[in-house]
Amino acid sequence: MSTTTDFKAIIVGGGLSGLLAAISLRSAGFDFILLEQRDHIVVNEGASIGLNAATFRILYQLGLLEACRKAGHPLSRKCTFFLDGHVWDSALFDLMVESHGFPMILYDRVDLIRVLYDALYKDHHKLLTSKKLDTITTDDTGVTVTCNDGSKYSGSIVIGADGVHSKTRQAMRKLALAANVDKEIWEAEKPFPALYRSVYFSFPRTTPQGVMAETHSEGKSIFYVTGTDHASVFLCENLPEPTTERSNYTEDDKKAIIKRFWDFPIIESLTVGDVAEQEYIASGMIDLEEGVAKKASYERIVIIGDAYHKVTPHCGLGFNMGAQDIAVLVNLLKDAVDTSKTGEPTTEALNTAFQTYQTSRDKNVSKDMVVGNLLVRMSMWMNWSLWLLGRYVFTTKLWEWLFLKRLLSDGIKCGYVLNHIPGEEPFVGKIPWDNRIPAQL
């Protein structure tokens, strides 16, 4: 077993998954460098984000539990509104605490990014901004990443944490096809179709903290959450037809959607029209892609988070899925390095680790995709059976229990942890964890 290693990861992408990957790699004794195409890491962009108990177990192991707990606010109310005035209040979040021993906590995205960024304060010199990926080259000993500014960085592997439109995934695919690797196992260059689009905006909170509210209707739905200081709302509607092309929306496009939602209720005291003219903290218009990449790795390149799998925001699983990717991947990399005679795993050994990573994750990702796909389609009444489910079945205590027990909790309880960090189980609920934190090494 090696005691020292020159193993080094090049992380592409400085969002939440990229930062958590850096912290986790460091905890395993690995060097890293992170390349972010934007000019800054901590930026006030994007909407709110929720973390579940499985993700908090990893944060606990990394010593970030209290900092993350303080930066957000627990979700305590889940409610659904219909245009006929009917309101359904759910006990989902109470049941989640009962089942898993910890609440789901909501964040203004920038606050969570700041916690992870601050945790890397000794390594800020390794977080490089204004670095847009151009090409990746690999050989038997390592990888080289070239950025658009001509700078080059060498390491042992590349971890693509660069989102749904991942340049890393595209570079990986290009290398494989150039090497005449079986084309049947590689999807199209743009593999994630979008069936829906969304206008989102975040603004100063005027309703109680810790609320997740949905508004359901045919072809349109609203998703609303309130955190410590801010609230976020997503206005979602069907696209005229599915697309894999990246859309460039204008302010006029945003205004047109807002107008179509103007009288829709967000919560008891607010309609879309009530908040549409507020000054936003962050806003945007995006397509909502869904899907899972056929291949999560090639040679010394591997992808995580939204680059690997994309789900709509209705289920709050996006970053939670990325955190699970990171735990599984770091565990396998640690095993590969520790069993290498030189501390530098061969390409063959890395390929074996990456294949195990994908096999392990695909099994659990499929559960999360079922939840995500069901919730968005049910909220928009995509057919008569989903209308019946969303309007009359989902709004019952029995369905609520079945959803938590058979769908949502199945995806949470199988959460992975970092095998190299021992400790006590921080959260104990009625449903036991499939993978325990090691008591000792």
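Residues numbered from 1 in each chain as written. Predicted model: local features only at pLDDT ≥ 70, side-chain atom pairs only at ≥ 80, totals over all residues. Heavy atoms only, no water.

An unreviewed UniProt entry lists the protein chain under the name FAD-binding domain-containing protein, with [Torrubiella] hemipterigena as the source organism. Per its UniProt entry, the protein chain bears the Cofactor (unreviewed entry) comment "FAD". (UniProt positions renumbered as here; feature names shortened; annotations may be inferred.)

Q: What is the right way to look at unusual backbone geometry in this model?
A: Negative phi characterises most residues that are not glycine, and trans characterises most peptide bonds. Phi is positive for E299, close to 50°, though the residue is something other than glycine. Among the secondary structure elements, E299 is positioned in the loop between β21 (297–298) and β22 (301–303). Although it is not a glycine, W381 sits at a positive phi angle of roughly 50°. With respect to the element layout, W381 can be found in the loop between α10 (347–379) and α11 (384–393). (Helix = DSSP H or I, 4+ residues; strand = E, 2+ residues; numbered from the N terminus.)

Q: Is there a simple way to think about the pattern of salt bridges in this case?
A: Charged atoms that come close allow side chains of opposite charge to pair. Tallying each qualifying case throughout the model produces 21 salt bridges. The salt bridge involving D84 is made with R391; its shortest N-O contact spans 2.9 Å. Remark: R391 occurs in helix α11 and D84 occurs in the loop between β5 (77–82) and β6 (87–90); sequence separation between them is 307 residues. As a salt-bridge pair, K131 and D149 come within 2.8 Å of each other at their nearest N and O atoms. Of the two residues, K131 sits in the loop between β8 (127–128) and β9 (133–138) while D149 sits in the loop between β10 (143–147) and β11 (152–155), which places them 18 residues apart along the sequence. With relative accessibility at 47%, the residue D149 sits in the partly exposed group. Overlapping salt bridges bring together R26, D31, D123 and K126 as one network. (Salt bridge = Lys/Arg side-chain N within 4 Å of Asp/Glu carboxyl O. Buried < 20%, exposed > 50% of the residue type's maximum accessible area, 1.4 Å probe, protein only.)

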